[in-house]
Every structure is written in structure tokens, then in C-alpha cells.
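# Examination of the molecular architecture
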Amino acid sequence: MLLTDKEIEIVEILERDSRISNEDLAAMAGLEIEETNAAIKKLEDLKVIVRYSSIVDWSKIDGHEGVTAMIDVKVTPKRGVGFDEVAKRIYRFKEVKSVYLMSGAYDLSVIIEGRSMNEVARFVSQKLSTLDSVLSTTTHFILKKYKHDGTIFEQGEEDKRIVVSP
Amino acid sequence: MKQTKSYLSKTVEQLKPSGIRRFFDLASSMEGVVSLGVGEPDFVTPWTVREAAILSLEEGFTSYTANAGLLELRQGISSYLENSFQAVYAPESEIVVTVGASQAIDLALRAILDPGDEVLVIEPCFVSYSPLVTLAGGTPIPVQTKKENDFKIDPADLEKEISKRTKAILLCSPNNPTGTMLNKQELEQVGRLAEKHDLLVISDEIYAELVYDETYTSMAAIPGMRERTILISGFSKGFAMTGWRLGYVCAPEDIAASILKIHQYAMMCAPTMAQHAALEALKTGTLDVIDMRKSYRRRRNYLINSFNELGLDCHNPGGAFYAFPSIQSTGLSSEEFAEKLLLEEKVAVVPGSVFGESGEGFIRCSYASSLEQLQEAVKRIKHFLDNNR
């Protein structure tokens, strides 16, 4: 589908800050508020904007238990449906946060979140590896998130500019 | 020491101190100030550029470069200017790399002025233009622009000030503090006057990368003007590299040679690590510039819209990162407004009067700040206006 420049502008602004008010969004994009509301509705209806979410640094929350693993999965594609069939079998598990088809040494990149390493390990050995098409899995646990979706978690860069300058 | 006479230069003593200084001192002494008074990008220099400078240090590039700057950098500047703005300059003989665009302006003026020569300075403008003309031995002749023309140059006003002693016109587009950009036709009008009266144009194009509506035209790309133009630019604004102090000046060979003569005696060369950083900026920094430009445009739209809603009449600036709203509806002078706003609401802006007579009645507000900061500033300014109108 082809979007107008203004619609793309709206998507870009919302992608950075989905909580911005429609009034401010309209001003930034140089649109009337009615146009902006209509464009947002259209983008939502078309599922261009799929969901509004927040980036949360769970590591800051005491008592939060959770691990994330990235799993490289090699699979045998099926005649007629290629990788889609096996991808679907994998992404239906609620533990699975993301599934991407990859170029290179393995086929699917699967991101799993669980409460503990054991839980993830159990999932991989009992659910993922046992799927017919899955040939092998390599599990990498994430130790620390430095930057996620373009956002650096520990923002050390405060404004260093002098307060008034010509 | 018993002092019987003043040792200070009369010329320097008579220079008016910059009006910005006072606001800087005042704002610096306060806590919790939201500043719209900053004349530089809020972005840090792109990491690719910083990383290249670090690498140049690791590899030991710590000695002088050629007076005119690294040839490779001049070649890069040459292709950049030609590709981006159709301004053609020979890297070997027509480009000098300087310590910021500020030094480039200083050199340009010193290279062309003899005592008594006049320079038409289009106001409101950057605070250093007139003092630099004076320090170079010339006489600055201010030419005012007006709000009703969106601070564009009225050729008739310009021509009125041309005398036998006029040597050059000094202008900046997009402009600091008004943000006004001159389009091709408007530059041609200035060009025709320069040709008619045999004048040079010193064209400060430091904000050329930061334009939001129309495509940018360089004075050097106007037919017939390359030979009369001294083009000033640099990396500070577009590439977010203010602290590196790296600019350049491009001019026809004879003028560039004179500029280089002063530069080699007075400065030797621009800092080497900054030159390596600039080289990288030209190679890979342009992608960052695109993102920064988008971000400025959105914030400009937000701030201009907010000022107009608050009843602070503001034209839509085509470039740079300044809004220049009128505060005349408050009945305050621009200095009074800026000082009261700072003391009562802790918002720092720069009074328009420091940029020249025609800046009176306006304030300069930089939108090189995060949206959150702009929103907070607008909230405080609204509160201020409610109390003062």
C-alpha cells in the first residue's frame, strides 16, 4: 500500500512516541487536527500501526524475574508452504515473543521470554526441538540490554551545552 | 603597576559588548531553567564522526596540516558543495579550512577591507558581523529587514545604503536569528545589485543543511555570482559539530589566496583531529543530517504553531533552528520581555534587539531542544503571558 508523505510522517512520529497527543502530533506534522485523527484511524484500520507499546527496562524493577533467549532454529521447509507452516507452529506458543525468517546459517530466529532459565530450557527441549521440521536449535540467553529498538537504556548523555549562546 | 594611560585598543574599547553575555550570566546563575536560548544543535556529533576523530588520534595524526587544510578534506568539501548546492570550487586553490565559520568570516573581511570601506550588514543577524567588520578596519552599515516581508531583504532598502565606499554585502541564509531563507529569486535580486554596483557578497551559508520547505540555493550557484561571492560555511550546525570549531571559506582564487595569507600567519591551520572528523562527516554523516533535519522540522512546526496560538505572531522560518516571534502585543521591549520571562518563569530566550535594531520587538527561541522541553517552555510562556497582558 502507498502512504502519503504526511501519513508516513505521522507513523514516524508515533513510532518514536506513541503517547504524543493528537494535537501536538498534528502541529508537528503540519496538519489539521481532523486530518490527523482521520489518518491515525486509517493507519490503525490498515494495521500499519499494529499496536502501541512501551519500552520497559524490567531490570530496574526489584523482584522481577525474567529471562530472554534468542534461539537460532534450523528447520526443514515443507513443499508448498516453505517456512510459513513451521513458523506458525512456533509463533503460536505464548512464550514466543518474536519469530523472524533469517538469511544465513540458520532459518528462524525465535525470541523467548520466560521466568527462569529452566523454564526456557524446558520449552526448548520439550516444545521447540520436538517439532517435526526442527533440525537443531542454538539458545543464547540475553545477559544485559544496552540498547533496544533504537533506545539506549542507560542515558548518560545529559545536555552539555551552555545555557545561552549566539 | 602604576598605570598612567590605557593600553587598550581604542577600536576594541569602543566595541559594544554582546547583549547575549548578560543573559548568559543571569541564566547560568539560576536552577531549573528551560533554555530556548542556545544557538547550537541539541544533538551530539554523530558517533561515526566522533569515532573517526578518536581513530585519527590513535593513529597519531597530531601534527599540522597544510595551511588550507587537508587536501582530502578540501576535495571532500568541493564535491559536497558541487553535489549538494551546485557551487563549484577548486580544492587546490579556492577552499580554505578554518577554525569555525566565525574565523572564516573574520578572514573574508580582513582579506577585502581597507580602512573606511563599508560593508552592508543585513540585520537582524549574528552578533559578530558588525564587530568583525569594525575589527577588520571597515565600517558596518546595517540594512534592516522587516517582519512584514518575513525578514527577507528588500532590494530598495539595500540599494539605498550603497555608497562609493561600499565593498560588500554580508548576509546569512537561512538566517540566525530569524530563520528566514532566501530563495533563488531573492538571491538573484541581491546578486543583480552586487553586479550593478560592483560589490562582493559574503554569504554565510552555515545553516544550508537545515532547510525545511524549499530547496536550498547557494549564492555561489546564482549565474554570474560565483566570481563575486565569498561562501562561508562549516560543520557546526548541519553536522552538530559546534565544539570542533571547523568551518571553511570558498572564494575565487585571488581572494582565497589573500585569505590563506592571513590564515597562515594568524592560525597556521585548523585543528587536525577536527579535520579528520569533518572528513568522516562528509563521508557518512549525511544520513544523520537527514534524521536531524526531520526532527528540527517537526519541532519547528510545533513551536511556531504554539507561538501563534499564544498570540505571539511568528512567521514560518524556512531554515536554521530559530523561531522569531513578535512580543509587541505585550508592550514590553524585547530585553524587558526576555529578562522578566527568565526571572518569573525561568525560560531563557534571547532578546531580538541584540541582533540589530530591527530585532527589537522580537525574541529568538531555539527549537534545538527536545519536544518535552519545548512543551514545558510553551506552558511557562503561556503562564507568563496570562500574567503580563
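Conventions we followed
- Residues numbered from 1 in each chain as written.
- Chains lettered and ligands numbered in written order.
- Predicted model: local features only at pLDDT ≥ 70, side-chain atom pairs only at ≥ 80, totals over all residues.
- Heavy atoms only, no water.
- Axes fitted to C-alpha atoms, helices over the stretch in contact; angles between N-to-C directions.
- Helix = DSSP H or I, 4+ residues; strand = E, 2+ residues; numbered from the N terminus.
- Parallel < 35°, antiparallel > 145°, perpendicular 65-115°, else oblique.
- Left-handed = near helix turned anticlockwise from the far one by under 90°.
- Contact = heavy atoms within 4.5 Å.
- Nonpolar A, V, L, I, M, F, W, Y, C, P; charged D, E, K, R; others polar.
- Domains from an automatic or database assignment.
- Buried area = accessible area lost by both parts, 1.4 Å probe.
- Salt bridge = Lys/Arg side-chain N within 4 Å of Asp/Glu carboxyl O.
- Polar contact = N/O pair within 3.5 Å; in protein donor to acceptor, adjacent residues only side chain to side chain.
- Pairing = 2+ DSSP bridges.
- Phe/Tyr/Trp six-rings, centres within 6.5 Å; stacked < 30°, edge-to-face > 60°.
- Buried < 20%, exposed > 50% of the residue type's maximum accessible area, 1.4 Å probe, protein only.

The next subject is the packing of helix α2 (residues 22-29) of chain A against helix α11 (residues 286-309) of chain B. As a packed pair, α2(A) and α11(B) sit with axes 6 Å apart at the nearest point and diverge in direction by 110°. Taken together, the axes of α2(A) and α11(B) are roughly perpendicular relative to one another. Taken as a pair, α2(A) and α11(B) cross one another with a handedness that is right-handed. Facing Asp24(A), Ala27(A), Met28(A) and Ala29(A) of α2(A), the residues of α11(B) in contact are Arg298(B), Arg299(B), Asn301(B), Tyr302(B) and Asn305(B). The residue makeup of the contact of α2(A) with α11(B), split by class, is four nonpolar, two polar and three charged.

Turning our attention to the domain arrangement of chain A. The assigned domain composition of chain A is domain 1 (5-45) and domain 2 (58-143). Centre-to-centre, using C-alpha coordinates, domain 1 of chain A lies 35 Å away from domain 2 of chain A.

Between chain A and chain B, the residue contacts involve 16 residues of the former and 33 residues of the latter. A combined buried area of about 2000 Å² lies between chain A and chain B, and 55% of that area is made up of carbon and sulfur atoms. Three residues, Arg161(A), Val164(A) and Pro166(A), lead the burial of chain A against chain B; their summed loss comes to 36% of the area buried on that side. Our count for the contact surface shared by chain A and chain B stands at four salt bridges. A salt bridge links Glu9(A) to Arg297(B), with the nearest nitrogen and oxygen atoms 3.1 Å apart. At the boundary of chain A and chain B, one finds 15 residue pairs in polar contact (both at pLDDT 80 or more). When residues of the side of chain A that touches chain B are traced back to their parent elements, those giving at least two are α1 (5-16) and α2 of chain A.

All right, on to the sheet that holds strand β5 (residues 166-172) of chain B then. Each strand in a sheet pairs with its neighbour through backbone hydrogen bonds, running either in the same direction (parallel) or in the opposite one (antiparallel). Residues and elements named next belong to chain B. The strand order across the open sheet formed by seven strands is β2-β8-β7-β6-β5-β3-β4, and the pairing between neighbours is mixed. Looking along the sheet, the strands with just one partner apiece sit at the ends: β2 (95-98) and β4 (139-144). Taken over all neighbouring pairs, the strand axes of this sheet differ in orientation by 20° on average, direction set aside. For β5 and strand β6 (residues 200-204), the ladder comprises five bridges, and the chain directions are parallel. For Leu171, the partnering residue across the bridge sits in β6 and is Ser203.

In this structure, strand β1 (residues 67-75) of chain A lies alongside strand β3 (residues 108-114) of chain A, joined through seven bridges in antiparallel fashion. The partner of Val73(A) across the bridge, within β3(A), is Leu108(A).

All names here are of chain B. Pro124 follows Glu123 through a cis peptide bond whose omega is -5°. Summarising the element assignment, Pro124 is placed in the loop between β3 (118-123) and α6 (129-135). Here the bond from Asn176 into Pro177 is cis, since omega is 20°, no more than 30 degrees from zero. For Gln86, which is not a glycine, the phi torsion comes out positive at approximately 55°. In this structure, Gln86 sits in the loop between α4 (71-85) and β2.

Let us look at the packing of aromatic side chains. Two measures describe an aromatic ring pair: the distance that separates the ring centres and the angle between the ring planes. All names here are of chain B. Under the defined criterion, the tally for this structure stands at 16 aromatic pairs over all chains. On the numbers, 5.5 Å between centres and 85° between planes, the contact of Tyr207 with Phe321 is edge-to-face. Of this pair, Tyr207 sits in the loop between β6 and β7 (229-234) while Phe321 sits in the loop between α11 and β9 (322-323), placing them 114 residues apart in sequence. Just as Tyr207 is buried, Phe321 falls in that class too.

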